[in-house]
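# Close look at the chain arrangement
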Amino acid sequence: MSRSTAETAARVPEATEDSSLSDTQVSGTPRRRLLLLLVVAALAVAGAGSYGLSAFLQERASHEAASTVKVVLATSLPGEPFVMFRNTAPGQGYGQAATVALADPSGERALSGQACDRVYASKELVSCLRTINGIPTKYEAETYDASLRRLDSWTLGGIPSRTRLSGDSSLIATTVFVAGHSYASAGFSTETVIRGRDGTAHGNLEEFALISDGTRIKASDRNIWGVTFVPGAPTGFYATASSQGHIWLVRGDLAARTLTVLASGVECPSISPDGTRIAFKKSTTGTLVGHRNIAVLELASGTQTVLAEERDIDDQLEWLDNSTVVYGVPRDDAGQDSDVWAVSAEAGAAPRLFIEHAWSPAVVR
Amino acid sequence: MSDRKGGQQDLQETDGRAALTAFRLSPVIIWLGIVSMLTDISSESAAAILPLYVTGFLGLSTIAFGVIDGINQGASAIVRIGAGWVSDRTGHPKRVAVAGYGLSMAARVGFLFAGGFWAIAGIVTGDRIGKGIRTAPRDALISAAAQPEYLARSFAIHRMLDNIGAAAGPLIAFLILMLIPNGFNTVFVVSLAFAAIGVAVLVLVVPDKIKVTARRAGATSRPAFRWYRLKWTYLKKQGLGRLVAVTGLLGLLTIGDGFVYLLLQNREAFAVQWFPLLYVGTNVAFLVFAVPLGRLADRWGRVPVFLAGHVALLVCYVLAVLPLGGTAATLGCLLLLGVFYAATDGVLSALVSQLAPPERLGTALGTAQTVVALSRMAAAACFGLLWYLLGPGAAAACVAGLLALAVPAAAVVLRGSAGRPVAP
């Protein structure tokens, strides 16, 4: 079509070369073309409009429908050991932080009433990261006590990605994606912050000294994510650091404000309750792009074991007990629903479904 | 500025000429403006939600995405010259523009089906390359449709319409997500619809007319100036070289909106989440000032306005660094940033159009745009490093100081060589 348009348009002005350019071009647009344009525009608007309307109605219907799983409203955190997670069962309560008893993970789930993209919990504290759609889209973190009363609320600098609490519930770690600040400069980076429960700022971990083999790494393109607090050590944690294409496991010290490189290729660490092993994601290519397997690092010996889970894992792993890890796996391509799976932390063990329609698990013993 | 005197002469010249040629806006420019407006609604609405969408799909691989996108931007910058050259070579800027707009539209379709890392990376690459392809031939079409005396004003009208789209796009996207929380596909469908209408306007309504014949016709109708014009061609080419060199130099000191907002955020401690609205604010200032400054450029001289735009940028840097604080300072920065774009973006294309030989107009526009894009990318990279080494305030003060030196230098280099309305 463009060829014939071009030729017609090119021919017209030649005929009337000495009249002004703009005039010839107006008359060069036949009414038929304007009409065709009107039809195209009407079709496009009608198509997009009906798509949007049906998406809107579908969304509303699924929100108002009863949940596909058995739910009850919670007024406090359970007294017995429990698992907290993001409920992704369609229907009412979708997206809310919920709990199930550790003894009965497929049983009735108690909804917190709080929508969270990422959630983590201890016996006495809940950390919830969420996206608030608006103009523009906002991101915030909130903490709740054992009675699910809001303790604190603050703004996050980007899209929620990870959150963890220290064993004594005194520290909250959050990782978000800070997207490029425009279409023209769309770089993505992570921003990981540790904050005291009382609001004390421990700062952005990017500002901590990153030390490898005793020397300080000065590259400014560093990304830090996936904090896991060492059980029983008030200022110690592990995390992932990445710079110049490397991925490192680092040991962080909150008091000294340092991150020390321990190993390479260990991403998104999660320390076992007894503090002896780290479960992590291992990229098959060794880079940031590639299939991620689950692996376990023995801290004392340094030996790594890759587990039998074959799917690509993006979640930060969580320990169910000292020998089993749990993690979220998307259920479909749309990314709206997911399940939490469990696998024994030994080579060859088969993964099993742990909690259906769930994401972002936190095990509270 | 040192060019001031020349500018005043120009003003007198133009005053005389204004009586001869009244401003008549070509509908082609309006249509091209509408094409750009629709395309910008399309691209900016998708861009506004792209981070959310991409991180949802890619998880932590998103970090690697930034690296690829940097490469894309470089590629997009470089194809501008190529697209300009092809449009000159074939004499069909419209076909090249259709290819560019069409490629970006095809990328929108891709979003509806893409899942993996490389699929999304490929789609974003297609979108960016499409943007790179379309810019130079489109400006060549605008230039061909504009009256030479009112080039800057004509480009300004196009840029105004373009920025209405850039400001509306993110708002539309956020509105859709408010109504449909996970409505990414709806945003992409709406974005596709705008892109399709834009391409339809371009294909159906905009003529594929290049200016060579028109200019020759113009020249023969004024035989008295013909030899004089020919003699000027050589000098004009020199002027173009100097203009591009100056543009590159100034581009190296243009750190980008993102960093200006980070400077403001650093001082004001407002949340990064407001950045999309800062962009909308800058775009609104751009669209409001585009036409007044374009008219001024045609009357006062294009070089003085182009340089004055960089002075606005300099004041913006200073305002962002000074320990003033407050909403007024932030709004002032956005306003100045908008003025900077209004005084430089369309005006540069007008200057290039004025200086380039008609048969090489596309290449010249593409070259200038490539130089702008690459020098600004380099500026952002260098400023990022300076930020890390010196801290935000000192880094910005450093760039502001260099810009304060570069603007007078640019004025000296461009003195007498360009920027005056074309001699009759």
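Remember, predicted model here, so these are calculated numbers, not experimental data.

## Some points on the overall build of chain B
- The helix and strand inventory of chain B stands at 15 helices and 0 strands.
- Expressed as a percentage of the 424 residues in chain B, the buried residues total 63%.
- Sequence-distant contacts in chain B: of pairs separated by 6 or more residues, those separated by 24 or more amount to 88%.

## With respect to the overall build of chain A
- Each helix and strand counted, chain A has 3 helices and 27 strands in total.
- Scored against the burial criterion, the 365 residues of chain A give a buried share of 42%.
- Taking the contacts inside chain A whose residues are at least 6 apart along the sequence as the reference set, 42% of them involve residues at least 24 apart.

## Quick look at the sheet that holds strand 8 (residues 150-155) of chain A
Residues and elements named next belong to chain A.
- With antiparallel pairing, 4 strands are arranged side by side in an open sheet as 5-6-7-8. Strand pairing shows two members of the sheet lacking a second neighbour, strand 5 (118-121) and strand 8, which therefore form its edges. Within this sheet the neighbouring strands show an average axis-to-axis angle of 15°, counted without direction.
- Where strand 5 and strand 6 (residues 125-132) come together, 4 bridges link them in antiparallel fashion. The partner of V119 across the bridge, within strand 6, is C128.

## Some thoughts on the confidence of the model for chain A
All names here are of chain A.
- Overall, the predicted model of chain A reaches an average pLDDT of 87, with 89% of residues at or above 70.
- Counting contacts from residues 1-27, a segment whose pLDDT is below 50, to residues more than four positions away or on other chains yields 42 contacts.
- Counted against residues more than four places away or in other chains, residues 181-186, with its pLDDT under 50, gives 17 contacts.

## Section: helix 2 (residues 27-58) of chain B
All names here are of chain B.
- Across its 32 residues, helix 2 extends 44 Å between first and last C-alpha, which sits within 8% of the 46 Å expected from 1.5 Å per residue.
- The sharpest bend along helix 2 measures roughly 50° and falls at L50, with the proline P51 sitting one to four residues further on.
- Where burial is concerned, most of helix 2 is hidden: 29 out of the 32 residues are buried.
- Count one or two residues on from helix 2 and you reach G59, which has phi positive near 55°.

## Examining the environment of B:R302
All names here are of chain B.
- Residue position: R302 is located in helix 12 (residues 302-321).
- With 33 C-beta atoms packed within 10 Å, R302 lands in the buried category.
- For the pair R302 and T367, spaced 65 residues apart in sequence, the C-alpha to C-alpha distance is 19 Å.

## A short note on the pairing of strand 18 (residues 258-264) of chain A
All names here are of chain A.
- In this sheet, strand 18 lies alongside strand 13 (residues 209-212) in parallel orientation, the contact comprising 3 bridges. Within the sheet, the bridge partner assigned to L210 lies in strand 18 and is L259.
- Pairing between strand 17 (residues 246-253) and strand 18: 6 bridges, direction antiparallel. Across the sheet, W248 pairs through a bridge with S264, a residue of strand 18.
- Counting the residues in the hairpin turn of strand 17 and strand 18 gives 4 residues, including R257, whose phi is positive at 55°.

## Observations regarding unusual backbone geometry
- Here the residue pair A:I135 and A:P136 is connected by a cis peptide bond, since its omega of -5° sits within 30 degrees of zero.
- Mapped onto the elements, A:P136 comes out in the loop between strand 6 and strand 7 (138-145).

## Description of the sheet that holds strand 11 (residues 189-196) of chain A
All names here are of chain A.
- Read from one edge of the open sheet, 4 strands run 9-10-11-12, paired in antiparallel fashion. Two strands lie at the open edges of the sheet, namely strand 9 (159-165) and strand 12 (201-204), each paired on one side alone. Direction aside, neighbouring strands of the sheet carry axes that sit 15° apart on average.
- In the sheet, strand 9 pairs with strand 10 (residues 171-178) via 6 bridges, with the strands oriented antiparallel. Residue P160 lies in a different strand from strand 10, and its bridge partner there is V176.

## Some points on the packing of helix 10 (residues 257-268) of chain B against helix 12 of chain B
Residue and element names in this part refer to chain B.
- Interhelical geometry of helix 10 versus helix 12 gives an angle of 25° and a closest axis separation of 8 Å. Taken as axis vectors, helix 10 and helix 12 run roughly parallel relative to one another. Of the residues in helix 12, those touching helix 10 at V260, L263 and L264 are C316, A320 and V321.
- Of the residues in the contact of helix 10 with helix 12, the class split is 6 nonpolar, no polar and no charged.

## Quick word on the pairing of strand 2 (residues 82-87) of chain A
Residue and element names in this part refer to chain A.
- In terms of burial, strand 2 is largely enclosed, as 6 of its 6 residues are buried.
- Of the strand pairs in this sheet, strand 2 and strand 27 (residues 358-364) are connected by 5 bridges, and their pairing is antiparallel. Note on strand 27: the bridge partner recorded for R86 is W359.

## Concerning helix 14 (residues 361-390) of chain B
- Taking 1.5 Å per residue, 30 residues should reach 44 Å; helix 14 of chain B reaches 42 Å between its end C-alpha atoms and fits that length.
- Phi turns positive, to about 95°, at B:G391, one or two residues after helix 14 of chain B.

## A word on the environment of B:F174
- Note on placement: B:F174 falls in helix 6 (residues 151-179).
- Here B:F174 is in contact with A:G134, A:I135, A:P136, A:T137 and B:A48, once residues within four sequence places are set aside.

## Some remarks on the packing of helix 6 of chain B against helix 7 (residues 184-205) of chain B
All names here are of chain B.
- One way to put it is that helix 6 packs onto helix 7 with a least axis distance of 9 Å and a crossing angle of 145°. In this structure, helix 6 crosses over helix 7, and the sense of that crossing is right-handed. Of the residues in helix 7, those in contact with I172, A173, I176 and L177 of helix 6 are T186, V187 and V190.
- Considering only residue class, the contact of helix 6 with helix 7 consists of 6 nonpolar, 1 polar and no charged.

## Some details on the environment of B:G110
All names here are of chain B.
- By the element assignment, G110 lies in helix 4 (residues 93-111).
- Along the sequence, G110 and S36 sit 74 residues apart, while their C-alpha atoms lie 21 Å from each other.
- Sequence-distant contacts of G110, that is, excluding residues within four places in its chain, are made with I123 and G126.

Basis of the calculations
Residues numbered from 1 in each chain as written. Chains lettered and ligands numbered in written order. Predicted model: local features only at pLDDT ≥ 70, side-chain atom pairs only at ≥ 80, totals over all residues. Helix = DSSP H or I, 4+ residues; strand = E, 2+ residues; numbered from the N terminus. Buried ≥ 20, exposed ≤ 12 C-beta atoms within 10 Å, placed from the backbone. Contact = placed C-beta atoms within 7 Å. Pairing = 2+ DSSP bridges. Axes fitted to C-alpha atoms, helices over the stretch in contact; angles between N-to-C directions. pLDDT = per-residue confidence, 0-100. Expected span 1.5 Å × (residues − 1). Bend = angle between axes of the 7 residues up to and from the residue. Parallel < 35°, antiparallel > 145°, perpendicular 65-115°, else oblique. Nonpolar A, V, L, I, M, F, W, Y, C, P; charged D, E, K, R; others polar. Left-handed = near helix turned anticlockwise from the far one by under 90°.

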